[in-house]
Amino acid sequence: MSLTSALSIAQSALFNTSRQTSIVSRNVSEAANPDYSRRYAVLSGAAPGARISEIRRAVSDVLFRQNLTAQSDWQGQATLSRGLETLKINVNGIDNASSPATMIGNLQTALQTYAATPSNRTLAENAVEAARQVVRSLNDGAAAVQALRSDIDRDIATSVDELNRLLAAFETVNEEIVAGTRARRDVADAFDRRDALLKQISAFVPVSTITRADNDMVLTTTGGVTLFETVPRPVTFTANHTYVAGMAGNAVYVDGVPLPAGNGGNTTASGSLAANLQLRDQIAVQMQQQLDEIARGLITAFAESDPSNALPDAAGLFTWADGPGLPAAGTLENGLAGSIRLNPAMDTSAGGDPERLRDGGANGAGYIHNADGAASYSDLLNGYLDRLQQPMSFEPATGLGASQSLSSFSSEAIGWLESLRHEAARGSEAKEALATHTATALSNETGVNVDEEMALLLELEHAYEASARLMSVIDEMLATLMEATR
Amino acid sequence: MKISFVSTNAISQTLRYQMMRMQADLVERQEEMTSGRLADPGRSLGARAGFSFSMSREVTRLEGLVDANSLASGRLSATQDGLTQLNTISQEMLSTLTAAMSGVDDTAVVQTSAKRTLETLTSVLNSNLNGEYLFAGINTDVKPLNDFSDPASPNKAQFDAQFLAYFGFSQSDPAASGITAAQIEGFLDSVLEPSFMGTGWQAAWSNAADQTITSRIAPNETAETSVTANGDGMRKLAMTAAVLTEFLQMPVGEEARRTIYERTTTMVGEAIADLASTQSQAGIAEKRVEDASDRISSQIDLLKTFVGDLEGVDPYEASTRVNALLTQIETSYALTARIQQLSLLRYLP
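Residues numbered from 1 in each chain as written. Chains lettered and ligands numbered in written order. Predicted model: local features only at pLDDT ≥ 70, side-chain atom pairs only at ≥ 80, totals over all residues.

S.K.: Would you take a moment to explain the overall build of chain B for this structure?
M.R.: From N to C terminus, chain B includes ten helices and four strands. Listing the helices and strands of chain B from first to last along the sequence gives α-α-α-α-β-β-α-α-α-β-β-α-α-α. Its C-alpha atoms give chain B a radius of gyration of 39 Å, clearly above 20 Å, the size a compact globule of 349 residues would have. Across its three principal directions, the C-alpha atoms of chain B cover 145 × 35 × 30 Å. Looking at chain B as a whole, 38% of its 349 residues are labelled buried. Across chain B, contacts joining residues at least 24 apart in sequence account for 78% of those joining residues at least 6 apart. (Helix = DSSP H or I, 4+ residues; strand = E, 2+ residues; numbered from the N terminus. Rg over C-alpha atoms; globule rule 2.2 N^0.38 Å. Buried ≥ 20, exposed ≤ 12 C-beta atoms within 10 Å, placed from the backbone. Contact = placed C-beta atoms within 7 Å.)

S.K.: What should I look at first to understand the overall build of chain A in this one?
M.R.: A count of helices and strands for chain A gives eleven helices and 13 strands. In terms of C-alpha radius of gyration, chain A reaches 36 Å, well past the compact-globule figure of 23 Å for 486 residues. On the principal axes, the C-alpha backbone points of chain A span a range of 145 × 40 × 35 Å. Looking at chain A as a whole, 47% of its 486 residues are labelled buried. The long-range share in chain A, meaning contacts at least 24 apart out of those at least 6 apart in sequence, stands at 66%.

S.K.: Sorry, what's going on with the environment of B:Leu62 here?
M.R.: Residues and elements named next belong to chain B. Examined against the element boundaries, Leu62 turns out to sit in helix H3 (residues 48-101). Note on Leu62: 21 C-beta atoms within 10 Å, which makes it buried. Spatially, the C-alpha atoms of Leu62 and Ser297 are 7.9 Å apart, while their sequence positions differ by 235 residues.

S.K.: Explain helix H1 (residues 8-35) of chain B here, please?
M.R.: For the α-helix, the turn length of 3.6 residues means that residues three or four positions removed from each other point alike. For H1(B), with 28 residues, the first-to-last C-alpha span of 41 Å sits near the 40 Å given by 1.5 Å per residue. B:Asn9, B:Ala10, B:Ile11, B:Arg29, B:Glu32 and B:Met33 are the residues of H1(B) that are buried. The secondary structure elements touched by the buried residues of H1(B) are helix H10 (406-446) of chain A together with helix H10 (315-341) of chain B. Phi turns positive one or two residues past the end of H1(B), at B:Gly36, with a value near 70 degrees. (Expected span 1.5 Å × (residues − 1).)

S.K.: How should I be thinking about the interface of chain B and chain A in this particular structure?
M.R.: The interface is formed by 42 residues belonging to chain B together with 46 residues belonging to chain A. Here the residues of the side of chain B that touches chain A are counted per class, giving 19 nonpolar, 17 polar and six charged. (Nonpolar A, V, L, I, M, F, W, Y, C, P; charged D, E, K, R; others polar.)

S.K.: Would you mind showing me how to read the domain arrangement of chain A here?
M.R.: In many analyses, interface size is given as the accessible surface area lost on bringing the parts together. Residue and element names in this part refer to chain A. Each domain of chain A was delimited in the assignment, giving domain 1 (2-58 + 447-485) and domain 2 (65-434). Centre-to-centre, using C-alpha coordinates, domain 1 lies 65 Å away from domain 2. The interface is formed by six residues belonging to domain 1 together with six residues belonging to domain 2. Here the side of domain 1 that touches domain 2 is composed, by residue class, of two nonpolar, one polar and three charged. (Domains from an automatic or database assignment.)

S.K.: Explain helix H5 (residues 154-167) of chain B to me, please; I cannot follow it from the model alone.
M.R.: Residue and element names in this part refer to chain B. With 14 residues, H5 ought to run about 20 Å at 1.5 Å a step, and its terminal C-alpha atoms sit 20 Å apart, in line with that. Every buried residue of H5 is accounted for by Asn155, Phe159 and Phe163. Each buried residue of H5 sits inside an arc of 75 degrees when the element is viewed along its axis, so together they form one side. More than 90 degrees from the buried face of H5, the exposed residues found are Ala161 and Ala165. The secondary structure elements touched by the buried residues of H5 are helix H7 (199-205) and helix H8 (232-249). Positive backbone phi, at 90 degrees, marks Gly168, one or two positions downstream of H5. (Arc of directions from axis to C-beta.)

S.K.: I would appreciate a short explanation of the sheet that holds strand E9 (residues 257-258) of chain A in the present structure.
M.R.: In sheet architecture, strand pairing relies on hydrogen bonds along the backbone and comes in two forms, parallel and antiparallel. Residues and elements named next belong to chain A. Strand order in the open sheet formed by three strands is E7-E8-E9, with antiparallel pairing between adjacent strands. Two strands close off the open sheet at either side, each with one partner strand: strand E7 (235-236) and E9. Pairing of E7 with strand E8 (residues 253-254), which is carried by two bridges, proceeds in the antiparallel orientation. The partner of Thr236 across the bridge, within E8, is Tyr253. (Pairing = 2+ DSSP bridges.)

S.K.: Can you help me understand the sheet that holds strand E3 (residues 207-211) of chain A in this one?
M.R.: Residue and element names in this part refer to chain A. What the four strands build is an open sheet, ordered E3-E4-E5-E6; its pairing is antiparallel. Bordering the open sheet on either side are E3 and strand E6 (231-232), each of which pairs with just one other strand. Direction of pairing for strand E4 (residues 217-221) relative to strand E5 (residues 226-229): antiparallel, over a ladder of two bridges. By the bridge assignment, Leu219 is partnered in E5 with Phe228.

S.K.: Honestly, the nonpolar core in this entry has me stumped. Any pointers?
M.R.: Nonpolar side chains in soluble globular proteins generally cluster together in the buried interior. Residues and elements named next belong to chain A. Ranked by internal contacts, the top residues of the largest apolar core, which has 173 residues, are Ala127, Ala131, Leu298, Phe318 and Ile340. For this core, the element with the most residues is helix H4 (residues 121-182), which contributes 22 residues. The contact partners of Ile340, leaving out residues within four places of it in the chain, are Val135, Leu138, Ala295, Leu298, Ile299, Phe318 and Trp320. Ala70, Trp74, Ala439 and Leu442 belong to the second largest nonpolar core, which has five residues in total. (Core = buried A, V, L, I, M, F, W, Y, C linked by C-beta atoms within 7 Å.)

S.K.: Where do I start with the packing of helix H6 (residues 181-197) of chain B against H8(B) in this structure?
M.R.: Two packed helices can be described by the angle between their axes and the distance between those axes. Residue and element names in this part refer to chain B. At their nearest, the axes of H6 and H8 sit 9 Å apart, and the two run at 145 degrees to each other. For the pair H6 and H8, the crossing hand works out as right-handed. Residue-level contacts link Leu192, Phe196 and Met197 of H6 to Arg235, Ala238, Met239 and Val243 of H8. In the contact of H6 with H8, the residues fall into six nonpolar, no polar and one charged. (Axes fitted to C-alpha atoms, helices over the stretch in contact; angles between N-to-C directions. Left-handed = near helix turned anticlockwise from the far one by under 90°.)

S.K.: How should I be thinking about the environment of A:Pro260 in this particular structure?
M.R.: Residue and element names in this part refer to chain A. Relative to the assigned elements, Pro260 resides in the loop between E9 and helix H6 (272-301). For Pro260, a count of 19 C-beta atoms within 10 Å translates into the label partly exposed. Note: C-alpha distance between Pro260 and Gly447 (187 residues apart in sequence) is 35 Å. Pro260 has contacts with Gly223 and Ala274, leaving out every residue within four places of it along the chain.

S.K.: Any chance you could explain unusual backbone geometry here in plain terms?
M.R.: Backbone geometry follows two general trends: most residues other than glycine have a negative phi, and most peptide bonds adopt the trans configuration. All names here are of chain A. Even without glycine at this site, Asp95 takes up a positive phi of about 55 degrees. Mapping Asp95 onto the fold places it in the loop between helix H2 (61-92) and helix H3 (100-116). With a phi angle near 60 degrees, Arg184 is a residue other than glycine that sits in the positive phi range. Note that Arg184 resides in the loop between H4 and helix H5 (188-204). Residue Arg184 is classed as exposed on the basis of its 8 C-beta neighbours within 10 Å.

S.K.: Which parts of the structure should I look at to understand the environment of A:Leu457?
M.R.: Residue and element names in this part refer to chain A. Here Leu457 shows up in helix H11 (residues 450-485). A tally of 18 C-beta atoms within 10 Å means that Leu457 is categorised as partly exposed. Separated by 440 residues in the primary sequence, Leu457 and Thr17 place their C-alpha atoms 9.4 Å from one another.

S.K.: Please explain the packing of H3(A) against H3(B) as it appears in this structure.
M.R.: One can describe the packing of H3(A) onto H3(B) by two numbers: an axis separation of 9 Å at closest approach and a directional angle of 10 degrees. Between H3(A) and H3(B), the angle is such that the two are roughly parallel. Here H3(A) contributes A:Ala101, A:Gly105, A:Gln108, A:Thr109, A:Gln112, A:Thr113 and A:Ala116 to the contact with H3(B), which in turn contributes B:Phe53, B:Arg57, B:Thr60, B:Arg61, B:Gly64, B:Leu65, B:Ala68, B:Leu71 and B:Ala72. A per-class count over the contact of H3(A) with H3(B) returns seven nonpolar, seven polar and two charged. (Parallel < 35°, antiparallel > 145°, perpendicular 65-115°, else oblique.)

S.K.: Looking at this structure, how should I read the confidence of the model for chain B?
M.R.: All names here are of chain B. Within chain B, residue pLDDT values average 89, and 99% of them lie at 70 or more. In the model of chain B, helix H2 (residues 41-45) stands out as the element of lowest mean pLDDT, 87, in contrast to helix H9 (residues 254-311), which has the highest, 92. Among the scores for the predicted complex, ipTM is 0.85 and pTM is 0.87. (pLDDT = per-residue confidence, 0-100.)

What follows is the structure, encoded as structure tokens:
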């Protein structure tokens, strides 16, 4: 009896060892998979011998949740930083080289040079050319801002589709886990998959998890809106194909509740959706308003007046779609930066005369100041230069000072974007570090260490050898017994 | 039971992440070291980037102003030069007249002197700098003074017409010898002087504008930086020279000639005073431009210092940091290699 039971114990030990070896081999093979949690066998004594009672997954809920939040925050910040970078490059250019502020500065210098020698027609051409660059910078900037908005809109639409797909996949995996848990099946692989899906979902929206009976999981956004509860909740969004200035974008609805946008350079946005909404509805919109106000300031500063005050002021060097009338003072005119253009009456390539800049009269003879056509008349030019430095009132919604000169308004616009970038850079440094740190901590808690598995393998090898040895000894003993009784 | 645990994945991830951070840092520090300026001033300075930008722009604008001022300075010093010449020629005219009055009456000498004065006046007032007539006011594309010696020119025609209207005969008429001193006084007082000092000047003599060139010499300061040929001094000098050249050609009597001398002497004297005052005005403008340029230059220096303080990077510090980073990265490479080799697998049979 005891020899037979020894044999069966050795047998079960062999079986245990091979099970464990298979776990080790699985662990080693998944060592590089960040979504894989280390498995380990739990042995329990059972007469005769020991048996593997269950296979556990290494888990750390706290670290996992921290990591989810950190990932969401970092994704949000990274999205915002990317958007700001795009705006910076496409609107202001490297070193602000193509920004409206730089172009206005160039125009100022060109005007100054022209005012010093008004008899020189080449300098007039030069000043008009500088004005053309200002117009181009504003037109291109406005186009870039709206292009960014529609790009973001597309990105949001793709993200929402992806999110719905992930939630559907989550449903399948969650069902598998619930069913498996009820049936006492090994659902470790399904857990891995569910964790991986959670990480992917948290890249789009910040998620909080609640685990219920049978490992059933409920997902809510950090704001408390249910994302998944037994079934996925619909995330809906209607995309716009094109954007124009002043047009509002559609919200993203999670279970019928609009998703809030982020705020600030070191953004409160968690997940790429909130950051994208912030870019599309706040930052890009404000930037467009700033460009529009710069355009309005230019049209106003270069407006022509009638020397006898009989005719109303009219658009001079810069005009717009509704020209030659002037845009209303102190009021934002949506899309002006896109529609501002050089007055054809002063543009040589459109058959105009650049010297009208010196003499006036782009809107007809009634606006001519230099009636005698004196070659060195500089009063109007000096007047324009003065007006660029005089305070005017701007729309406060632009986020910049409401009363200042056009010149300083345009450079404050640069400061505004740079301060957002500065904050964003600081924010992403901290958030990136946190995301990396929590990922490392989580991996250290639940990941695989190959060396440890190897050490385990050595142990198992010895155990296997010992069991095998035991079996052969028992075999010999039994053989001896048989021999004796023959 | 294990106390501490590290996963193989975390080890390599951490190494990679640290390496990436250091390399990104190295690129920026290296750029800073070579350019002496922040790699991304906007990101580092934040809202202050706006100040630094507007200061750099202001520097460009002020430099443009200094350039424009040098143009105005050049114009003013050329103007001064011209005015000095006018002054000299007036002085010469005056001494010739004084000599003539004090008995040495050689009509030819006075006449030559008058002609020379007229020529100099015409050439100085018509002088040109960079394609602009210096004394034309803002009308710089038109020659300011008509040439009196040209019989077809309007000022000569005006003079002839005025003479004919007053005396009833032309200058070449033999009756001219009968012109009395009183007639001359009358002609000068009632015809020539009102014409020269009034509208007749711009109608026939000068094409210059009264308005002088206004230049912006500092961001919020403008100055008149030219002198117009319509100044009193120029008019009086022109009148003197014209009267002398015309009347001395005629066989006028002794008494009449004396009157002409007396009157023109007074007039040249006035012209000299007027020219001197114009010269001092130009001098004041010159000084203002110079002062403005000096002021702007020191402003530029100051602004450049500010921008340098904001955007500049100490090249020594940057280079030290680059060296430190290089050492760190090398150490990290060595460590990575060692750590990757560190595996139990290598020791298992």
